[in-house]
Amino acid sequence: MAEELKDHVIVCGYGLVGENIVDTLLQHRVKVVVIEMDGKKVELLKERGINVIQGDATFTKVLKSAGIERARAIAIAMDDDAKNLFAVITARSINSKIVIATRANDEMLKDKLKEAGAGFVATPNKSASNELFKELTKGI
Amino acid sequence: MKENGDETFNVMALTLIIAALVLIASAVVIWIVTKDLYTDAYFILEAFFDAQNTATSYSLAEWAFTVAPIQDLLPLLAVVIVDSLSRILIVSFILAAVIDLLEYANFEEAINELRARALRGHIILCGYNEMTESLIKKAKSTKMRYVVVNPDRNVAQSLGEKRIFNILGDYSDTDVLKKAGIENARAVIFASDNSMDNVRRNVYNIGINMAVIPEQLAGLEMGEFLIKARGA
């Protein structure tokens, strides 16, 4: 199925971050392929009718089987910062034009991930703090 | 005569001051060195003191004062010195225990709790992590009042050193949230996965309702970025 896709978005990791990315993309009718290691989540995604590949997104072979050469963008949203960094480097080395969004738990890694080729780096704690502060300062 | 009396008084006062200083210094040294095991060390010393005290009082001293010639009093002198040192150490141990108790009482915590109760329109940050750290920076820059509630004593100590206003306690406990002045708080923010349900329950009970899931927000931000990038 993924072999036939073009201009799609690959989402690596289907945790809370990945789930929200997939939901947002599906709302906009974007074609999505998810790469996930957990068998239970893979089954769940299949039940939902979402393209899914079981495997480690840091592996070239797995990224290629998700059609990275033809993909428009990739969202790397695994829990592990080191894995995310590795996946960014691998993705960029395969497709120099692909748009890469990733997450960093440690804000210190944000610059490193951008240097490695990520166009956008989300830091969950920073996002939450910004959102909360916006809410807290409403009307002040 | 009067001058002699004054001189004696001065010598006594000086001796007492020196003795007090020696005691306090010994107590502090003992407290630092044997902070975690001073109880055991104290009982060992006390046993030693009792043993040599008995020897001094009932046998050696009696023998020394009644029978021995003056040159044989040197062993007695040694015993007296050991005896005095033991007494100094015993009192020092007691003072060290008092210092320990004062530390245990932790007046800073009590003062922080009083300060927190007096706050109005503040934010309560439950737990300490990167998110709360980021919020504290923002709060400080805008002079927004805040208090961090955290259950870990070591973290509390580190927060105190960073001059971050905090109280120690489990934030899933209603009493602890009340200590943080929840009745007068503008918002409660819980930043930890632990006890999240309990906290939510407490927060809802008191009537404040605000919760953010960092991963969810990050996912939405990434999704929005990808949608925009795709359209570009």
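Since we're looking at a predicted model, the values are computed, not measured.

Draft legend 1. Local environment of the overall build of chain B. Counting secondary structure elements, chain B contains 9 helices and 4 strands. The secondary structure elements of chain B, listed N-terminal to C-terminal, are α-α-α-α-β-α-β-α-β-α-β-α-α. Scored against the burial criterion, the 232 residues of chain B give a buried share of 35%. The contacts of chain B with a sequence gap of at least 6 include a subset with a gap of at least 24, amounting to 61%. Entry remark: accessible area of chain B is about 14300 Å², with carbon and sulfur atoms responsible for 61%.

Draft legend 2. Just the interface of chain A and chain B, in detail. With 42 residues of chain A at the contact, the number on the chain B side is 33 residues. Carbon and sulfur atoms make up 75% of the area that chain A and chain B hide from each other, which totals about 3100 Å². For the chain A face of the interface with chain B, the top three residues by lost area are L132, F133 and L136 of chain A, together amounting to 21%. Here chain A and chain B share 0 salt bridges between them. Across the chain A-chain B interface, the total number found is 3 residue pairs in polar contact (both at pLDDT 80 or more). Broken down by secondary-structure element, the contributors of at least two residues to the side of chain A that touches chain B are α1 (16–27), β4 (73–76), β5 (99–103), β6 (120–122) and α6 (124–136) of chain A. When residues of the side of chain A that touches chain B are assigned to their parent elements, the largest contribution, 12 residues, is made by α6 of chain A.

Draft legend 3. Representation of the pairing of strand β3 (residues 51–54) of chain A in the model. Residues and elements named next belong to chain A. By the bridge criterion, 4 bridges tie strand β2 (residues 32–36) to β3 in an arrangement that is parallel. Paired with E36 across the two strands is Q54, which belongs to β3. Once you follow β2 into helix α2 (residues 39–47) and on to β3, the crossover reads as right-handed.

Draft legend 4. Quick look at the side chain of T24 of chain A. Among the secondary structure elements, T24 of chain A is positioned in helix α1. What makes T24 of chain A buried here is its relative accessible area of 7%. Among the polar contacts listed, one links the side chain of T24 of chain A to the backbone oxygen of N20 of chain A, at a separation of 2.7 Å. Setting aside residues no more than four positions away along its own chain, T24 of chain A makes contact with L220, G223, E224 and I227 of chain B.

Draft legend 5. Quick look at the nonpolar core. Counting residues in hydrophobic clusters, the biggest one holds 35 residues, and the most contacted among them are I124, L125, L135, Y146 and V147 of chain B. Ignoring anything within four residues of it in the chain, the contact list for I124 of chain B reads V147, V149, L177, A180, G181, I182, A185, A187, V188 and I189 of chain B. The next biggest cluster of nonpolar side chains, apart from the first, holds 25 residues, and it includes L5, V33, I76 and I98 of chain A.

Draft legend 6. Just unusual backbone geometry, in detail. A positive phi angle, close to 55°, is found at D7 of chain A, a residue other than glycine. Relative to the elements of secondary structure, D7 of chain A occurs in the segment before β1 (9–12). Positive phi, normally seen in glycine, also occurs at R163 of chain B, with a value near 60°. With respect to the element layout, R163 of chain B can be found in the loop between α6 (153–161) and β3 (166–168).

Draft legend 7. Seen up close, the confidence of the model for chain B. All names here are of chain B. When pLDDT is averaged along chain B, the result is 75, and 65% of the positions lie at 70 or above. The lowest-confidence element of chain B is helix α8 (residues 196–206), averaging 54 in pLDDT; the highest-confidence one is strand β2 (residues 146–150), averaging 92. Interface confidence for the predicted complex, given as ipTM, is 0.87, next to a pTM of 0.59.

Draft legend 8. Inspection of a nonpolar patch on the surface at higher detail. The grouping of I94, V98, L102, F107 and I111 of chain B at the surface amounts to a nonpolar patch, some 480 Å² of accessible area in total. Put simply, the parts of the chain that give the nonpolar patch at least two residues each are α3 (74–105) and α4 (107–118) of chain B.

Draft legend 9. Representation of the packing of aromatic side chains in the model. By the definition in use, this model includes 1 aromatic pair over all chains. When the centroid spacing of 4.8 Å and the interplanar angle of 15° are considered together, the rings of F120 of chain A and F225 of chain B count as stacked. Here F120 of chain A is found in strand β6, whereas its partner F225 of chain B is found in helix α9 (residues 214–231) on a different chain. Judged by relative accessible area, which is 22%, F225 of chain B ranks as partly exposed.

Draft legend 10. Quick look at the sheet that holds β2 of chain A. Residue and element names in this part refer to chain A. Strand order in the open sheet formed by 6 strands is β3-β2-β1-β4-β5-β6, and the pairing between neighbours is parallel. Among the strands making up the open sheet, the edge pair consists of β3 and β6. Strand after strand, the sheet turns through a mean of 15° between neighbouring axes, direction not considered. By the bridge criterion, 4 bridges tie β4 to β5 in an arrangement that is parallel. Looking across to β5, one finds that I74 is bridged to I100. Contacting β1, β2, β4 and β5, α1 runs over the sheet at an angle of about 160° to β1.

Draft legend 11. Layout of α1 of chain A. Between the first and last C-alpha of α1 of chain A there are 17 Å, a value that for 12 residues agrees with the 16 Å anticipated at 1.5 Å per step. Within α1 of chain A, burial applies to V17, G18, N20, I21, V22, T24 and L25 of chain A.

Draft legend 12. Layout of the environment of K114 of chain A. Residue and element names in this part refer to chain A. Mapped onto the elements, K114 comes out in helix α5 (residues 110–116). Taking the relative accessible area as the measure of exposure, K114 reaches 42% and is therefore partly exposed. Sequence separation of K114 and V88 is 26 residues, and the distance between their C-alpha atoms is 9.1 Å. In this structure, K114 is in contact with G119 and V121, ignoring residues within four places of it in sequence.

Conventions we followed
- Residues numbered from 1 in each chain as written.
- Chains lettered and ligands numbered in written order.
- Predicted model: local features only at pLDDT ≥ 70, side-chain atom pairs only at ≥ 80, totals over all residues.
- Heavy atoms only, no water.
- Helix = DSSP H or I, 4+ residues; strand = E, 2+ residues; numbered from the N terminus.
- Buried < 20%, exposed > 50% of the residue type's maximum accessible area, 1.4 Å probe, protein only.
- Contact = heavy atoms within 4.5 Å.
- Areas by Shrake-Rupley, 256 points an atom, 1.4 Å probe, with all protein chains shown as cover.
- Buried area = accessible area lost by both parts, 1.4 Å probe.
- Salt bridge = Lys/Arg side-chain N within 4 Å of Asp/Glu carboxyl O.
- Polar contact = N/O pair within 3.5 Å; in protein donor to acceptor, adjacent residues only side chain to side chain.
- Pairing = 2+ DSSP bridges.
- Right-handed = clockwise from strand over helix to strand, strands pointing away.
- Core = buried A, V, L, I, M, F, W, Y, C linked by side-chain atoms within 4.5 Å.
- pLDDT = per-residue confidence, 0-100.
- Patch = residues over 30% accessible without salt bridge, like charges linked within 9 Å, V, L, I, M, F, W, Y side chains within 5 Å.
- Phe/Tyr/Trp six-rings, centres within 6.5 Å; stacked < 30°, edge-to-face > 60°.
- Axes fitted to C-alpha atoms, helices over the stretch in contact; angles between N-to-C directions.
- Expected span 1.5 Å × (residues − 1).

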